[in-house]
Amino acid sequence: MRKTIGAILLLIVIGGVGWWMIADERDATYEQIVEVQVVRHVTKQFGRDNIASVKPYFVASESSKSRRHQIAVQLKSAPTGEYRMYRVLRNKVEYIGRSRAVRPD
């Protein structure tokens, strides 16, 4: 009986650790969905011809998936090297701010 309870507890602990590790990893599918939503939003605001580049930006220190996956958009009309940072919260695109440095993935 003790061995059975110990085995069940061990499986629960292993499952919990595995679930926690998977939840903190980068999600490529979610990142693509967010990127499409951000590009649509920026296209409506500034026009497709004004977008110079779009880069995913992953912030591992943030607590939720929607906050970790951010998108950096460089506009042709913006100063050289400046990116506008966006993320999607509750299915709405949110402008975070500007950044001059975007880490390569």
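Residues numbered from 1 in each chain as written. Predicted model: local features only at pLDDT ≥ 70, side-chain atom pairs only at ≥ 80, totals over all residues. Heavy atoms only, no water.

Describing the overall build of the protein chain
Piece 1. Scanning the protein chain from N- to C-terminus turns up 3 helices and 4 strands.
Piece 2. When the helices and strands of the protein chain are read in sequence order from the N terminus, they spell out α-α-β-α-β-β-β.
Piece 3. Since a compact globule built from 105 residues should have a radius of gyration of about 13 Å, the 19 Å found for the protein chain marks it as more spread out than a globular shape.
Piece 4. C-alpha atoms of the protein chain, sized along the principal axes, occupy 70 × 25 × 15 Å.
Piece 5. Every one of the 105 residues in the protein chain was classed for burial, and the buried ones make up 30%.
Piece 6. In the protein chain, of all internal contacts separated by at least 6 residues, the share reaching a separation of at least 24 is 42%.
Piece 7. When the accessible surface of the protein chain is summed, it comes to about 7600 Å², and 58% of that surface belongs to carbon and sulfur atoms.
Piece 8. Distance between charge centres in the protein chain, computed from 18 positive and 10 negative side chains, equals 4 Å. (Helix = DSSP H or I, 4+ residues; strand = E, 2+ residues; numbered from the N terminus. Rg over C-alpha atoms; globule rule 2.2 N^0.38 Å. Buried < 20%, exposed > 50% of the residue type's maximum accessible area, 1.4 Å probe, protein only. Contact = heavy atoms within 4.5 Å. Areas by Shrake-Rupley, 256 points an atom, 1.4 Å probe, with all protein chains shown as cover. Lys, Arg positive; Asp, Glu negative; His and termini not counted. Charge placed at Lys NZ, Arg CZ, Asp CG, Glu CD.)

Structural notes on helix α2 (residues 28–46)
Piece 1. Helix length check: α2, at 19 residues, gives a terminal C-alpha distance of 26 Å against a target of 27 Å (1.5 Å per residue), a fit within 8%.
Piece 2. Buried residues belonging to α2 abut β1 (51–58), β2 (69–75), β3 (83–89) and β4 (92–99).
Piece 3. One or two residues past the end of α2 sits Gly-47, with phi positive at roughly 90 degrees. (Expected span 1.5 Å × (residues − 1).)

Notes on the nonpolar core
Piece 1. In terms of nonpolar packing, the biggest core is built from 10 residues, these being Val-34, Val-38, Val-39, Val-42, Ile-51, Ile-71, Val-73, Leu-75, Tyr-86 and Val-88.
Piece 2. Of all the secondary-structure elements, those providing two or more residues to this core are α2, β2 and β3.
Piece 3. No other element matches α2, which puts 4 residues into this core.
Piece 4. If near-sequence neighbours (up to four positions away) are discounted, Ile-71 is found in contact with Glu-31, Val-34, Glu-35, Val-38, Val-54, Lys-55, Pro-56, Arg-84, Met-85 and Tyr-86.
Piece 5. Ranked by size, the runner-up nonpolar core spans 6 residues in total, among them Tyr-57, Val-59, Tyr-83 and Val-102. (Core = buried A, V, L, I, M, F, W, Y, C linked by side-chain atoms within 4.5 Å.)

Notes on the pattern of salt bridges
Piece 1. The final tally for this structure, using the stated rule, is 2 salt bridges.
Piece 2. Salt-bridge contacts for Arg-98 lead to Glu-82; the nearest nitrogen and oxygen are separated by 3.9 Å. On the criterion of sequence distance, the pair formed by Arg-98 in strand β4 and Glu-82 in the loop between β2 and β3 is long-range, its members being 16 residues apart.
Piece 3. A residue is classified by how much of its surface remains accessible, and Arg-98, at 60% relative accessible area, is exposed.
Piece 4. Here Glu-94 makes a salt bridge to Arg-87, at a shortest N to O gap of 3.0 Å.
Piece 5. In this structure Arg-87 comes out as buried when scored by relative accessible area, which is 10%. (Salt bridge = Lys/Arg side-chain N within 4 Å of Asp/Glu carboxyl O.)

Re a nonpolar patch on the surface
Piece 1. Taken together, the side chains of Met-1, Ile-5, Ile-8, Leu-9 and Ile-12 present a nonpolar region at the surface, about 560 Å² in accessible area.
Piece 2. Following the sequence through the fold, Ile-5 ends up in helix α1 (residues 2–24). (Patch = residues over 30% accessible without salt bridge, like charges linked within 9 Å, V, L, I, M, F, W, Y side chains within 5 Å.)

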